[in-house]
Protein chains: 2
Amino acid sequence: MFLPEEAVTLGGLPAGGVPLAGFGSFYAGGRQVRIEGRPIAQIQFTPTVDFDWDPNGLFHIEQAYVQWFMPADRRHDLPIVLLHGGGFTGTMWEATPDGRPGWLQDFLGAGYPVYVVDNVERGRAGWCPFTEFWPGPPILRSAEEAWSLFRVGAAADFAMRRPFAAQRFPTAAFDDLIRGSVPRFPRQTDDAAVAALGAVFDRIGRSVALVAHSQGGEIALRAALASPERIAALVLVESSGFPAAGTAAGWPVLQVVGDHLDATPLWIDLARRYRTFAADLTRQGVRNDAWFLAERGIIGNSHMPMMDDNSTDIAAEIAVWLAGVRS
Amino acid sequence: MFLPEEAVTLGGLPAGGVPLAGFGSFYAGGRQVRIEGRPIAQIQFTPTVDFDWDPNGLFHIEQAYVQWFMPADRRHDLPIVLLHGGGFTGTMWEATPDGRPGWLQDFLGAGYPVYVVDNVERGRAGWCPFTEFWPGPPILRSAEEAWSLFRVGAAADFAMRRPFAAQRFPTAAFDDLIRGSVPRFPRQTDDAAVAALGAVFDRIGRSVALVAHSQGGEIALRAALASPERIAALVLVESSGFPAAGTAAGWPVLQVVGDHLDATPLWIDLARRYRTFAADLTRQGVRNDAWFLAERGIIGNSHMPMMDDNSTDIAAEIAVWLAGVRS
């Protein structure tokens, strides 16, 4: 764990720390809505504050939150935008469940400015409790679902926490993974998430390398196709799929795919679609690469390569790929 | 707005950027719960993924999220912990609604290591959608409520956005304030928030200066009284109140209070309680200061001094006070 405490104890820099020139945050997108006609309620705000609470009024919903980091040793102008997958927030890029630095730190260390998004409904973007806008119900991912869906091990082996024989996910810290899970409203917020990501692009104001994971891959592709001039390159890490309408607009595309793709019918189908997508891009003359890691001799990656034990190596390869597509 | 884009354009550092030796994040506290006996549902995860979704299983709820920052020019060993108020997340310390750097940046610039908390139910800490644990309903703050409760202006003047004549809150950016608002479950999560903050203290592992705002003041005092050895100093910024049992454990206390305290009956009462609390501490021989800013000639601060136009000046004074109590 790379805590300042250790840095103080050691009298040096935090382990894993990346020197920064600065950082900051902003909100982008969303819309104002009005709630009217609900009764005023007497509620207790805190143990010592009673309040006649008026639930009506003006609210801002469906914004995205973005935190940006500028490395002290900037060696690239191209900014990287990191978009989380379903049920996660930007924290999935910050630290692994076993406390190693995440891809955010790796890309900063490689000299890239990085923007981390909490998209609509996730984390610091907040969420909308009004059922007229988001009917719900929200869902939250269980540890069992993460175990199986993320290809850590067979569903039947969750109780024993017995992973696949070749497994790079830090299984000992598995239960900590779900501390970073947040509720989501499946499908109901997709359009808002695409719109907010477009507002993030507008706010950044220059073309970016968009790195998206899992369900974020579908959101990223839709937003990229809606603002093609904002994208310099697209990195899809284990995308949950591809939008039906259109697949690319000429930017270079990298797909990164882990191991154990025969684990469930969903993954057998997705692996096939990754190959179809790559073939479509190639046929269209779009520069693209599909890294099926196991076929490159890198065995045992899960659905979460940014958390696996070789996460830093994979980030380094992606950083090199990004540097290459700019040449 | 201090965006990397501007830094790139200017060829220099981001405006408002503070050089860092590093940063990172962690989760602390919370508990595991099991959901059982609910029916499996066919849901669409994404436009292209249908899924037999099992809502049962193991979940981790009621954790806190913490992001830490280590300034490159560290001049103090004492870490500062920033705890948000009700309905906000750690972002309230990061940037003002009009895009200036926040107290997080100010304290880093003063040479302090800083930990920013998203406590239980807020932001990246996630929230619990299971009504057996959090019955709800959650509430979300309206712009109107913020206008009046935060003493920006009279309730009747919200529609015109006409603030009090002396007003330091950046009123032109007022509507952006509510982009950073997130739902809360009043009272239902208080005990969990106190416990999670205690887990944050344990994880940091050394005594801290705890700076808490509004509803965070009550949570902070309860957590501090439960772990008195973890606290070096307590800064209560416009606390929403004080727990009935016990008021201090000997650490120095600073209260920071804005202007317009005659705006509503709630504030008239709270102003009286700030003075009573200060008198109690003094009677107990506890070193304490209560900065009623208007009485010190600083006119026009709202409930949100970390966002007002003199936010950096106030942070600087707090930093000096903190340096003084360590001597």
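Residues numbered from 1 in each chain as written. Chains lettered and ligands numbered in written order. Predicted model: local features only at pLDDT ≥ 70, side-chain atom pairs only at ≥ 80, totals over all residues.

**Details of the overall build of chain A**
Reasoning step 1: What chain A contains, in helices and strands, is 8 helices and 12 strands.
Reasoning step 2: For chain A, the C-alpha radius of gyration of 21 Å lies close to 20 Å, the compact-globule estimate for 327 residues.
Reasoning step 3: Across its three principal axes, chain A shows a C-alpha extent of roughly 65 × 50 × 45 Å. (Helix = DSSP H or I, 4+ residues; strand = E, 2+ residues; numbered from the N terminus. Rg over C-alpha atoms; globule rule 2.2 N^0.38 Å.)

**Digging into the pairing of strand 7 (residues 80–83) of chain A**
Residue and element names in this part refer to chain A.
Reasoning step 1: Judged by which residues are buried, strand 7 turns out to be covered on both faces: Ile80 and Leu82 on one side and Val81 and Leu83 on the other are all buried.
Reasoning step 2: Here strand 7 pairs with strand 8 (residues 114–118) via 4 bridges, running parallel. Residue pairing across strands places leucine 83 opposite valine 117, the latter belonging to strand 8.
Reasoning step 3: Between the parallel elements strand 7 and strand 8, the chain passes through helix 2 (residues 103–109) in a crossover that is right-handed.
Reasoning step 4: The sheet contact formed by strand 7 and strand 9 (residues 208–213) spans 4 bridges and is parallel. The residue of strand 9 that forms the bridge with leucine 83 is alanine 212. (Buried ≥ 20, exposed ≤ 12 C-beta atoms within 10 Å, placed from the backbone. Pairing = 2+ DSSP bridges. Right-handed = clockwise from strand over helix to strand, strands pointing away.)

**Some thoughts on the relation of the copies chain B and chain A**
Reasoning step 1: Of the transformation placing chain B onto chain A, the axial shift is 0.0 Å and the rotation is 180°, giving an RMSD of 0.0 Å. Between the two chains, the operation in question is that of a two-fold axis. For chain B, the minimum C-alpha distance to the rotation axis belongs to B:Gly123 and amounts to 2.1 Å.
Reasoning step 2: Taken together, the interface assignments show that 100% of the residues at the interface of chain B recur at the interface of chain A, consistent with an identical surface on both copies. (Least-squares fit on C-alpha atoms with pLDDT ≥ 70 in both. Contact = placed C-beta atoms within 7 Å.)

**Considerations on the packing of helix 5 (residues 190–204) of chain A against helix 6 (residues 215–226) of chain A**
Residue and element names in this part refer to chain A.
Reasoning step 1: As a packed pair, helix 5 and helix 6 sit with axes 9 Å apart at the nearest point and diverge in direction by 50°. With respect to helix 6, the element helix 5 is oriented oblique. Judged by the twist between their axes, the crossing of helix 5 over helix 6 is right-handed. In contact with Asp190, Ala193, Val194, Leu197 and Gly198 of helix 5, helix 6 contributes Ile219, Arg222, Ala223 and Ala226.
Reasoning step 2: Classifying every residue of the contact of helix 5 with helix 6 gives 6 nonpolar, 1 polar and 2 charged. (Axes fitted to C-alpha atoms, helices over the stretch in contact; angles between N-to-C directions. Parallel < 35°, antiparallel > 145°, perpendicular 65-115°, else oblique. Left-handed = near helix turned anticlockwise from the far one by under 90°. Nonpolar A, V, L, I, M, F, W, Y, C, P; charged D, E, K, R; others polar.)

**Comments concerning unusual backbone geometry**
Residue and element names in this part refer to chain A.
Reasoning step 1: Cis geometry marks the peptide bond from glycine 136 to proline 137; its omega dihedral reads -5°.
Reasoning step 2: Even without being glycine, arginine 187 reaches a positive phi, approximately 70°.
Reasoning step 3: Along the chain, arginine 187 falls in the loop between helix 4 (174–177) and helix 5.

**A closer look at the environment of B:Gly30**
Reasoning step 1: Along the polypeptide, B:Gly30 turns up in the loop between strand 1 (20–28) and strand 2 (31–35).
Reasoning step 2: When the C-alpha positions of B:Gly30 and B:Trp53 are compared, they lie 25 Å apart, and in sequence the two are 23 residues distant.
Reasoning step 3: Beyond its immediate stretch of four places on either side in the chain, B:Gly30 contacts A:Arg179, B:His60, B:Ile61, B:Glu62, B:Gln63 and B:Ala196.

**Comments concerning the pairing of strand 8 (residues 114–118) of chain B**
Residues and elements named next belong to chain B.
Reasoning step 1: The element strand 8 is extensively covered by neighbouring structure, given that 5 of its 5 residues are classed as buried.
Reasoning step 2: Across the two faces of strand 8 the burial is the same, with Val114, Val116 and Asp118 and Tyr115 and Val117 all buried.
Reasoning step 3: Across 5 bridges, strand 6 (residues 64–71) lies against strand 8 in antiparallel orientation. Following the sheet pairing, tryptophan 68 is matched in strand 8 by tyrosine 115.

**Details of the confidence of the model for chain A**
Residues and elements named next belong to chain A.
Reasoning step 1: The pLDDT averaged across chain A works out to 91; a share of 93% of its residues lies at or above 70.
Reasoning step 2: Under a pLDDT of 50 for its full length, residues 1–15 has, in the predicted model, 32 contacts with residues more than four places off or in other chains.
Reasoning step 3: If you check the scores for this complex, the pTM reads 0.95 and the ipTM reads 0.94. (pLDDT = per-residue confidence, 0-100.)

**So, helix 7 (residues 265–283) of chain B**
All names here are of chain B.
Reasoning step 1: Taking 1.5 Å per residue as the helical rise, helix 7 with its 19 residues ought to reach 27 Å, and the 27 Å between its terminal C-alpha atoms agrees with that figure.
Reasoning step 2: If you check which residues of helix 7 are buried, you get Leu270, Tyr274, Phe277 and Leu281. Angular distribution of buried residues about the axis of helix 7 spans 70°; they occupy a single face of the element. Counted as exposed and oriented over 90 degrees from the buried face of helix 7: Pro265, Ile268, Arg272, Thr276, Ala279 and Arg283.
Reasoning step 3: In this fold, the buried residues of helix 7 make contact with strand 11 (253–257) and strand 12 (288–292).
Reasoning step 4: Immediately downstream of helix 7, the backbone of glycine 285 shows phi near 80°, a positive value. (Expected span 1.5 Å × (residues − 1). Arc of directions from axis to C-beta.)

**Remarks on helix 5 (residues 190–204) of chain B**
Reasoning step 1: Given a rise of 1.5 Å per residue, 15 residues ought to cover 21 Å, and the 21 Å separating the end C-alpha atoms of helix 5 of chain B matches this to within 8%.
Reasoning step 2: Once helix 5 of chain B finishes, B:Gly205 follows within two positions and takes phi at roughly 80°, a positive value.

**A closer look at the interface of chain B and chain A**
Interfaces are often described in size by the accessible area the parts lose on coming together.
Reasoning step 1: The interface of chain B with chain A comprises 85 residues on the first partner and 85 residues on the second.
Reasoning step 2: The element best represented in the side of chain B that touches chain A is strand 1 of chain B, accounting for 8 residues.
Reasoning step 3: Residues belonging to the side of chain B that touches chain A are distributed by class as follows: 46 nonpolar, 25 polar and 14 charged.

**Topic: the environment of A:Asp106**
Residue and element names in this part refer to chain A.
Reasoning step 1: Inspection of the secondary structure puts aspartate 106 in helix 2.
Reasoning step 2: Owing to 24 C-beta atoms within 10 Å, aspartate 106 belongs among the buried residues under this scheme.
Reasoning step 3: It is 33 Å that separates the C-alpha atoms of aspartate 106 and proline 265, two residues lying 159 residues apart in sequence.
Reasoning step 4: Contact partners of aspartate 106, with chain neighbours within four places excluded, come to Pro101, Thr312, Ala315 and Ala316.

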